[in-house]
Amino acid sequence: MKVRDRMSQNVITIGMDTNINEAFSLMKENNIRRLPVVEKGKVVGIVTLSDLNQAAPSSATTLSIHELNYLLAKTKIKDILPKKQQVINIEPENYIETAAKRMRSNRISGLPVVENDQLIGIVTETDIFDAFIDILGVQRTHSRIDFYTSDRPGTVAAIAGMIAAKGKNILNTVVYYDDKKGKYKMIIRIEELDCEDVVADLKNSGYTVESVIVSPESNL
């Protein structure tokens, strides 16, 4: 799955001369927490709700409401945007896991999507969460089996073949190395609730089954 498949295309943006009041209003009206700052289609910065709150006067200010509004209207994005702000972005053909890693390593919650130096979208942590939920198939009725396996060629194929022979369909398979156990853990989601025969075969084949979760309401 690529960033292009998950990004939001109708991006709300602001310019350097946008004032803080306008930026606050845009965020509130569109229920968003970040605004790319754009000049001639090119992203030159990004402002978050936290940035605006820090730039706004403290709630303990003695300013009147009129003075406060005047100050917010007078203060522009160019006044609060760091001069050498590094804009972390991503291209639409990158994979969604690349976007997740880039957000995690830079401790940010959104990435402007740029193609040929022009802003064409934005991908946020919410988009990443939704993508992984879909990839894992957790919203569909299923049975989940967690078990440990050794690292040997053909393991995944053998297990998939065993499940297919029982006429059952695999929704999703995840394999990762469990550092605490020192073993590989495999998670299989099967597209039906009756999985006792699969669990029995796994145990008879020497696999250590950790847990079985049946999710009839597709909420696990």
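Here the residue index of a chain counts from 1 through its sequence in written order. Restriction of local features to residues with pLDDT of at least 70 applies here, the model being predicted, together with a cutoff of 80 or more for giving and counting side-chain atom pairs; totals for whole chains, interfaces and linings are based on all residues. Water and hydrogen atoms were dropped before computing side-chain values, which therefore reflect all heavy atoms in the structure.

### Focus: the overall build of the protein chain
The helix and strand labels rest on DSSP assignments: H or I over at least four residues marks a helix, E over at least two residues marks a strand, and numbering proceeds from the N terminus. Counting secondary structure elements, the protein chain contains 9 helices and 8 strands. Our radius of gyration is a C-alpha quantity, and the globule rule it is checked against amounts to 2.2 Å times the number of residues to the power 0.38. Relative to the 2.2 N^0.38 estimate, which gives 17 Å for 220 residues, the radius of gyration of the protein chain is 24 Å and therefore markedly larger than a compact globule would have. In terms of overall dimensions, the protein chain has C-alpha extents of about 75 × 40 × 30 Å along its principal axes. Burial classes follow relative accessibility: with a 1.4 Å probe on protein chains only, a residue under 20% of its type's maximum area counts as buried, one over 50% as exposed, and anything between as partly exposed. Going through the 220 residues of the protein chain one by one, you find that 33% of them count as buried. What sets the accessible areas is the Shrake-Rupley method with a 1.4 Å probe; for residues, cover comes only from the shown protein chains. About 13300 Å² of surface is accessible on the protein chain, with carbon and sulfur atoms providing 48% of the total.

### Looking at the nonpolar core
If you look at the biggest cluster of nonpolar residues, it comprises 14 residues, and the most contacted ones within it are I145, F147, I159 and L202. Counting residues per element, the ones that place at least two in this core are strand 5 (142-149), helix 8 (155-165), strand 7 (183-190) and helix 9 (196-204). Among residues more than four places away in sequence, those in contact with I145 are M186, I187, I188, I190, C195, V198, V199, L202, V209, S211 and V212. We call a set of buried residues a nonpolar core when its members are Ala, Val, Leu, Ile, Met, Phe, Trp, Tyr or Cys and they connect through side-chain atoms within 4.5 Å of each other. In what follows, residue pairs with any heavy atoms lying within 4.5 Å of each other are defined as contacts.

### Looking at the layout of surface pockets
Using a probe with the size of a water molecule, rolled over the atoms, empty space left in the structure can be pinpointed. In this analysis, the protein atoms alone were mapped onto a 1 Å grid. Cavities are point sets where a 1.4 Å probe fits without being able to get out; pockets are open sets with protein on both sides within 12 Å along at least five of seven lines; lining residues have an atom within 4 Å of a point. Grid points are joined across faces, edges and corners, and a volume is the space filled by probe spheres set on the points. Here the largest pocket is characterised by a volume of approximately 270 Å³. Elements represented by at least two residues in the lining of the largest pocket include exactly strand 1 (34-39), strand 4 (118-124) and helix 7 (125-136). Gly counts as polar in this scheme, as do all residues outside two lists: the nonpolar Ala, Val, Leu, Ile, Met, Phe, Trp, Tyr, Cys and Pro, and the charged Asp, Glu, Lys and Arg. Residues that form the lining of the largest pocket fall into these classes: 5 nonpolar, 5 polar and 3 charged. Of the voids in this model, the second largest pocket is the one considered here, and its volume is about 160 Å³.

### Some details on the pattern of salt bridges
In the sections that follow, a salt bridge refers to a side-chain nitrogen of Lys or Arg positioned within 4 Å of a carboxyl oxygen of Asp or Glu. Applying the stated rule across the entire model yields 12 salt bridges. With its nearest N and O atoms 3.8 Å apart, the salt bridge here joins E192 to K168. Residue E192 is located in the loop between strand 7 and helix 9, and its partner K168 is located in the loop between helix 8 and strand 6 (170-178); the two are separated by 24 residues in the primary sequence. By relative accessible area, which is 28% here, E192 ends up partly exposed. Connected through shared salt-bridge partners, K2, R4, E93 and E115 make up one network.

### Comments concerning the packing of helix 8 against helix 9
The convention used is that axes are lines fitted to C-alpha atoms, helices contributing only their stretch in contact, and that angles between N-to-C directions extend from 0 to 180 degrees. Contact geometry for helix 8 and helix 9: axes closest at 10 Å, N-to-C directions at 140 degrees. Considering how the two elements wind past one another, helix 8 and helix 9 form a crossing that is right-handed. When helix 8 is examined against helix 9, the residues I159, M162 and I163 are found in contact with a partner set consisting of V198, D201 and L202. For a crossing to be left-handed, the near helix must be turned anticlockwise from the far one by less than a right angle; the clockwise case is right-handed.

### What to know about helix 8
Along helix 8, the residues that are buried comprise T155, I159, M162 and I163. Around the axis of helix 8, the buried residues are gathered within 95 degrees of arc, so they sit on the same side. When the buried face of helix 8 is taken as reference, the exposed residues oriented beyond 90 degrees from it are A157 and A165. Where helix 8 is buried, its residues meet strand 5, strand 6, strand 7 and helix 9. Just downstream of helix 8, G167 is the residue with a positive phi angle, here 75 degrees. The arc refers to the directions leading from the helix axis to the C-beta atoms.

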